[in-house]
Amino acid sequence: MSSDDTVHAHDDDTARPREDGTVHAEEIAATFDAAAEDFDRVTPDVWGPAGQCLVFQAGLRSGDTVLDVGSGTGASALPAAAAVGPTGQVHAIDLSDEMLERGRVKASERALLNIEFVSADATTWEAPSTVPEAGYDALLSSYAVFFLPEMDEAFARLLRLVRPGGTVGVTAWHETALRDYATTFLDALGPHLPQPLPDRTTEMEPAQRLDTQDKLRTWLTAAGTEAVEVRELSNLIPATEEFCWGFVLGSGLRATLAGLAPDVVEQVRTDFMTLITDRGLHTIDASTLVGTAKVVGFG
Ligand SMILES: C[S@@+](CC[C@H](N)C(=O)[O-])C[C@H]1O[C@@H](n2cnc3c(N)ncnc32)[C@H](O)[C@@H]1O
C-alpha cells in the first residue's frame, strides 16, 4: 500500500461490502490492512484519546489480565498494558495483521513486555492457559464491537471469558459524531462515481444501537452487566485538510475510493475540501461514548 496521499486505481485490497451488506472477516482484515498506515496517523487525534479514557474509566489495576478486542494498533491495549504493569498481561486481538504489526512496534518502542498482539477473530477467541481459570479481569473494546457479526451473541460470548465481577469497557461513536463530515465527503464523492454507492444502512445499524448514553447503558445492562457507567468524551477536531483527508483514507470511507483513477481521487479531495469550507465546517465531531460495567457473577 502506498504511503502517499493518493489512493491508486488498483487499490482493490480495500474491501467493499458484499451486495447482501455483510462484511466478512477476511474483508474486514483487508480493509484495515489497507488503511493501517493512514488509520494510525489519526491515532493522536481520535483513537488515542478514546483508548486512554477507556482504560482510565475501566479502573484497571496492577496485575490485571486484560483482553482487548479489535485492538487495532493498540489505542486502548497499550495504555492497558501500562496500567496493569509487569505482573499483568494484555491480549490484544485483531483480524488485521498490518494493524497488529504497528501495535507490536509501539509496544517494543515503549518497552512493554506484558502485551501480545495476536491475529485472531474475536468470535472464536478462547483464553489461553496463562489466563486464570475464572477468566480475564477485564475486557476492553474500542470502536470495535459494532464490527462483530451478530454483535449481541458475539459480545455475550466474550463476556463469558471475563470472571464474575470483572470489568467490561467499550467505546462507540456518539450519534452526532462524523455526521456532517461523512455527509460532506459523500456529497463531494457522488458526482465522481460511475454508479451510486450501495446502500450501507444495514451495515451501520449495530453502531446506531450504541450511539447515545441511554442506548449504550441499556445494551451493556442487557448483555449481563451491572454498575454501568457511560460518559461522553467530547472531541471536536479542527477541520484541517490533513485531518479531513487523512481520516477518509484511514477509515471505512476509504473503501468508497477503491477503483477510482488517481486524478479522480485528487478531484474528490479538492471538492471535499471546498465543500468543507463552503459549509463552514470548522471542526470534525469525533465525540465518543465510553461505557464501563461489571460482569454479573454467576449463581
Ligand atoms: C475502528 S478499528 C479500532 C481499533 C482500535 N481499537 C482503536 O481504537 O484504534 C476496529 C478494529 O476492529 C477489528 N476487528 C473487526 N472485527 C473483528 C473481529 N471479528 N475480530 C478481531 N478484530 C476485529 C478491525 O480489524 C479493526 O482493527
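Residues numbered from 1 in each chain as written. Predicted model: local features only at pLDDT ≥ 70, side-chain atom pairs only at ≥ 80, totals over all residues. Heavy atoms only, no water.

Novice: Any details on the overall build of the protein? Residues and values, ideally.
Specialist: Helix and strand content of the protein: ten helices and nine strands. Taken over C-alpha atoms, the radius of gyration comes to 19 Å for the protein, in line with the 19 Å a tight globule of 299 residues would show. The C-alpha extent of the protein, read off along each of the three principal axes, is 60 × 40 × 35 Å. In the protein, which comprises 299 residues, the share counted as buried stands at 51%. Within the protein, contacts between residues separated by at least 24 positions form 81% of all contacts whose residues are at least 6 apart in sequence. As presented, the protein carries roughly 13,700 Å² of accessible surface, and 52% of it is formed by carbon and sulfur atoms. Computed over 21 positive and 47 negative side-chain charges, the inter-centroid distance for the protein is 6 Å. (Helix = DSSP H or I, 4+ residues; strand = E, 2+ residues; numbered from the N terminus. Rg over C-alpha atoms; globule rule 2.2 N^0.38 Å. Buried < 20%, exposed > 50% of the residue type's maximum accessible area, 1.4 Å probe, protein only. Contact = heavy atoms within 4.5 Å. Areas by Shrake-Rupley, 256 points an atom, 1.4 Å probe, with all protein chains shown as cover. Lys, Arg positive; Asp, Glu negative; His and termini not counted. Charge placed at Lys NZ, Arg CZ, Asp CG, Glu CD.)

Novice: Please provide a residue-by-residue account of the site of the ligand, values included.
Specialist: If you check the shell around the ligand, you find 19 residues, and the closest are G70, D94, D121, A122 and S142. At a separation of 3.4 Å, a nitrogen atom of the ligand approaches a polar backbone atom of L95. Within the backbone of A122, a nitrogen or oxygen atom sits 2.9 Å from a nitrogen atom of the ligand. Against a free-state accessible area of 600 Å², the protein chains account for coverage of 98% of the ligand. (Near = heavy atom within 4 Å. Polar contact = N/O pair within 3.5 Å; in protein donor to acceptor, adjacent residues only side chain to side chain.)

Novice: So what's going on with the nonpolar core? Which residues, and what values?
Specialist: Membership of the largest hydrophobic core comes to 90 residues, with the highest contact counts inside it found for I115, W173, L257 and F272. Beyond its immediate stretch of four places on either side in the chain, I115 contacts A77, L78, A81, V90, A92 and A107. (Core = buried A, V, L, I, M, F, W, Y, C linked by side-chain atoms within 4.5 Å.)

Novice: Can you explain the sheet that holds strand β9 (residues 288-295)? Please cite residues and give values.
Specialist: Strands sit in the order β3-β2-β1-β4-β5-β9-β6 across an open sheet of seven strands; the sheet is mixed. At either end of the open sheet lies a strand with only one pairing partner, and these are β3 (115-119) and β6 (225-233). Adjacent strand axes in the sheet meet at a mean angle of 15 degrees when their direction is disregarded. Here seven bridges tie strand β5 (residues 162-173) to β9, and the two strands are oriented antiparallel to one another. Its bridge partner being in β9, W173 is matched across the sheet by T288. (Pairing = 2+ DSSP bridges. Axes fitted to C-alpha atoms, helices over the stretch in contact; angles between N-to-C directions.)

Novice: Which residues make up the UniProt feature "domain: Methyltransferase" (unreviewed entry) in the protein, and what values go with them?
Specialist: Per the UniProt record, the feature "domain: Methyltransferase" (unreviewed entry) sits at residues 66-166. Here residues 66-166 runs as 30% helix and 27% strand, with 10 Å between its end C-alpha atoms. (UniProt positions renumbered as here; feature names shortened; annotations may be inferred.)

Novice: I'd love a proper account of the pairing of strand β4 (residues 136-142), names of residues and values included.
Specialist: For β4, a buried count of seven out of seven residues is recorded, marking the element as mostly surrounded by other parts of the structure. Inspection of the sheet shows strand β1 (residues 65-69) paired to β4 by three bridges, in the parallel sense. Note that in β4 the partner of L67 across the bridge is L139. Handedness of the crossover joining β4 and β5 through helix α5 (residues 151-159) is recorded here as right-handed. (Right-handed = clockwise from strand over helix to strand, strands pointing away.)

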